[in-house]
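Here is what each chain is made of, one letter per residue.
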Amino acid sequence: MDYKKTAISIVELVGGEGNVQNVIHCMTRLRFNLHDQSKVDRKSLEKVPGIMGTNVSGDQFQIIIGNDVPKVYNAILDNSSLKADSTSKKSQKSKNPLNAIFDVISGVFTPILPAIAGAGMIKGILAIALTFHWLSDKSQVYTILNAIGDGAFYFLPILLAVSAARKFGSNIYVAAAIGAALLHPNITALLSAGKPVSFLGLPVTAVTYSSTVIPILLAIWIAAYVEKWVDRIIPSMFKLIFVPTLTLLIVVPVTLIAVGPLGSIIGNWLSAGVGALFDHAGLFAGALLGGTWSLIIMTGMHYAFLPIAMNNIATKGYDVIMPSMFMANMGQAGATFAVSLRSKNKSFKSLAMTTSLTAIMGVTEPAMYGVNMRFKKPFIGGLIGGAVGGAYYSALGVKYFILGGNAGLPGLASFVGDTFVWAALGFPIAFAAGAVAAFIMGFEDVESEEDQNTSPETETTTVDTKSELVVAAEKVFSPLKGEVRALSEVNDPTFSTEIMGKGLAIQPQEGKVVSPVIGKVTTIFKTKHAIGITSDNGAEILIHVGLDTVKLEGKHFTAHVKNGDFVEVGQTLVTFDMDAIKAEGYDLITPVIITNTDRYQFIEPVKQGKINTREAFLALQ
């Protein structure tokens, strides 16, 4: 690769230097924050030698390079006026206010989604049990299970308070105390008694805080500023006592008197606005939301709908927004299925079928990024499928009763109620619509294996290349203790579609990465989240701890080796704080990739399920 030529092409095709706010890189990709992403010529970028693909994640435009990303990055700096110290702070100052709001909502909700998903699934199972009379709502079993399922939703303000405090940089325990005060039985009884309530002569508006979202978010946002202000004026010896005391004494009454009612009004207005849209626009509203939901997910804006959906469920008992996400996912699944039917490339046909199944189960990124968006037209077919499903749901008034956390087949229990049958029928309708639309529109297929083999010139090149590149067979041992997963389960198309190479992933159960081979550390990124090793037999291995953990900038990671170190099997490379990283909302699934995959005829898993370090993991031949 000509790094200088590639670097110059990249800067030009992302819209020129003037369009770049800042650029950084992780282990495998360049990460641009741009002023205007519409200026990017993605089609031309993906044809530049050395570029494996592109991806958009929120405000960030990503160019997938692979192991040579540091060299391309340095070439960009050497051949432009862009500077290495153009940090994210610059982009944050110039960030669009709307994007900043979405970033906050995303950062607050992502860490608590597992709790909501688990509790929602329990509520869904209970709803099914009641429908089929497997349980009585008067039984003690039901009472206990209902408390387990409902607890996360009733005390949602406390969960949100903790998560919001992490996001705003304030004390999480003080934040939890604020949420607990708002939900205290005495406050609840006082506000629900129907009598006028006042505090120091100021009126307190009756608001129900259980299961609400916006009031607590506003309260903790204010608390972050109050806490910092109090911390500045209180002498050091008194901070431990007076900072939390004054923060609670200021924020809780202000919330009860002003913030809570305002948040409740905002939430009700948003819910009423969406309700009016569906009441008056009907089919159009459902088709519009279902047909654009996949685009909304790509921008990260889907998190903005969560507070509205939660408020709808808390006030009305059901929601009509979230069903559109199910239809969008089924439309994308159907479109990917159509690709698997039409493609003549055996390996890509298999990839499309696999990602279609994962999309049906609610994980759409591999299907969207790895298949549909690659061919463009199938992605449009998926949007059409979502629009058809959304219109169908709107026409029949399908209701969503439980925020279950999964927008695929496992989340069907969230629809248990008077419109359940119509909800269930919507899944195959959106799937079929997406499949038919994508099949009819067609796409330019990946070159098939047969076409490649019938070309004498290609055949000669392939044989010569293989004969030069084949390296010694060997076994790669597990670098982590945990659960072995297929790469297709990794929620990042760079890994799930094997752009970087073949391999496996591990869901870690211990925060320690050890060497999987005898070899040399070729790259350990400065943020310590990714390690590159070359074995003595020639295997080039990438271990990438978690997804998007580059954003932690090394926090919670400790490196025990450096570039150029020779290592033995089982030698500790990096340790990391699993709980702290999870608490910040990051997925710790760790891809282990053979980046020189083309040098091997076979790369096969040795073991499935649970695995310990130093156990055989991959066989390379």
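Our structure's up above, just so we're on the same page.
This structure is a prediction, so every number in the text was calculated from the model and none was measured. (Residues numbered from 1 in each chain as written. Predicted model: local features only at pLDDT ≥ 70, side-chain atom pairs only at ≥ 80, totals over all residues. Heavy atoms only, no water.)

Caption draft 1: Up close: the overall build of the chain. Each helix and strand in the chain was counted, giving 22 helices and 20 strands. Going through the 621 residues of the chain one by one, you find that 49% of them count as buried. Here the contacts in the chain between residues at least 6 apart in sequence split such that 72% fall between residues at least 24 apart. When the accessible surface of the chain is split by element, carbon and sulfur atoms take 60% of a total near 28500 Å². (Helix = DSSP H or I, 4+ residues; strand = E, 2+ residues; numbered from the N terminus. Buried < 20%, exposed > 50% of the residue type's maximum accessible area, 1.4 Å probe, protein only. Contact = heavy atoms within 4.5 Å. Areas by Shrake-Rupley, 256 points an atom, 1.4 Å probe, with all protein chains shown as cover.)

Caption draft 2: Region of interest: the pattern of salt bridges. Counted according to the given criterion, the structure contains 8 salt bridges. For D548, the salt bridge is made with R31, and the minimal N-O distance between the two is 3.3 Å. Of this pair, D548 sits in the loop between strand 13 (540-544) and strand 14 (557-559) while R31 sits in strand 2 (residues 29-34); the two residues are 517 residues apart in sequence, bridging distant segments of the chain. On the basis of relative accessible area, D548 is assigned to the partly exposed category, the value being 21%. (Salt bridge = Lys/Arg side-chain N within 4 Å of Asp/Glu carboxyl O.)

Caption draft 3: Representation of the packing of aromatic side chains in the model. Following the criterion strictly, the structure yields 12 aromatic pairs and no others. Aromatic pair Y154 and F155: ring centres 4.9 Å apart, planes at 75 degrees, arrangement edge-to-face. Taking the relative accessible area as the measure of exposure, F155 reaches 40% and is therefore partly exposed. Taken together, the ring pairs in this structure connect F326, Y392, Y393, Y400, F415 and F427 into an aromatic cluster. (Phe/Tyr/Trp six-rings, centres within 6.5 Å; stacked < 30°, edge-to-face > 60°.)

Caption draft 4: Inspection of unusual backbone geometry at higher detail. Positive phi values are uncommon outside glycine, yet E553 reaches one of about 55 degrees. The topology assignment puts E553 in the loop between strand 13 and strand 14.

Caption draft 5: Molecular detail of the pairing of strand 1 (residues 20-25). Within strand 1, 5 of the 6 residues are buried, which leaves it mostly tucked inside the rest of the structure. Both strand 1 and strand 2 contribute to a ladder of 5 bridges, which runs antiparallel. Paired with V20 across the bridge in strand 2 is L34. (Pairing = 2+ DSSP bridges.)

Caption draft 6: The arrangement of a nonpolar patch on the surface in detail. The grouping of I380, I384, V388, L396, V421, W422, L425 and I429 at the surface amounts to a nonpolar patch, some 640 Å² of accessible area in total. Summarising the element assignment, W422 is placed in helix 18 (residues 420-441). (Patch = residues over 30% accessible without salt bridge, like charges linked within 9 Å, V, L, I, M, F, W, Y side chains within 5 Å.)

Caption draft 7: How the structure looks around the nonpolar core. Formed by 65 residues in total, the largest nonpolar core has its most connected members in I220, W293, L403 and F415. Take this core: its biggest share by element is 8 residues, from helix 10 (residues 214-233). Counting 34 residues, the second largest nonpolar core, distinct from the first, contains L480, I543, V574 and L618. (Core = buried A, V, L, I, M, F, W, Y, C linked by side-chain atoms within 4.5 Å.)

Caption draft 8: Quick peek at the side chain of S170. Inspection of the secondary structure puts S170 in the loop between helix 7 (156-168) and helix 8 (172-183). According to the relative accessible area criterion, S170 is buried, its value standing at 11%. Residues in contact with S170, not counting those within four places in the same chain, are A165, I220, A224 and E227.

Caption draft 9: Fine view of the packing of helix 8 against helix 10. Interhelical geometry of helix 8 versus helix 10 gives an angle of 135 degrees and a closest axis separation of 10 Å. What the angle tells us is that helix 8 and helix 10 run oblique. The crossing of helix 8 and helix 10 is right-handed. Contact residues: V174, A175, I178, G179 and L182 in helix 8; I216, I220, A223 and E227 in helix 10. Taken together, the residues of the contact of helix 8 with helix 10 break down into 7 nonpolar, 1 polar and 1 charged. (Axes fitted to C-alpha atoms, helices over the stretch in contact; angles between N-to-C directions. Parallel < 35°, antiparallel > 145°, perpendicular 65-115°, else oblique. Left-handed = near helix turned anticlockwise from the far one by under 90°. Nonpolar A, V, L, I, M, F, W, Y, C, P; charged D, E, K, R; others polar.)

Caption draft 10: Highlighting the environment of K316. By the secondary structure assignment, K316 is in helix 13 (residues 305-316). Assessed through its relative accessible area of 43%, K316 is described here as partly exposed.

Caption draft 11: Focus on the side chain of T527. Its location among the elements puts T527 in the loop between strand 11 (519-524) and strand 12 (530-535). At 2.6 Å, the side chain of T527 and the side chain of H529 are in polar contact. Residues in contact with T527, not counting those within four places in the same chain, are V550, E553, G554 and F557. (Polar contact = N/O pair within 3.5 Å; in protein donor to acceptor, adjacent residues only side chain to side chain.)

Caption draft 12: Representation of the sheet that holds strand 16 (residues 572-576) in the model. Read from one edge of the open sheet, 3 strands run 10-16-14, paired in antiparallel fashion. The open sheet has two free edges, formed respectively by strand 10 (512-514) and strand 14, since each of these has just one partner strand. For this sheet, the mean inter-axis angle between neighbouring strands, taken without regard to orientation, is 15 degrees. For strand 14 and strand 16, the ladder comprises 3 bridges, and the chain directions are antiparallel. Within strand 16, the position partnered with T558 by the bridge is T575.

Caption draft 13: Spotlight on the sheet that holds strand 19 (residues 610-611). Sheet architecture is open: 8 strands sit in the order 15-11-12-13-17-9-8-19, paired in antiparallel fashion. Edge positions in the sheet fall to strand 15 (566-567) and strand 19, since each of these pairs with one other strand and no more. The pairing of strand 8 (residues 482-485) with strand 19 spans 2 bridges and is antiparallel. The partner of E483 across the bridge, within strand 19, is K610.

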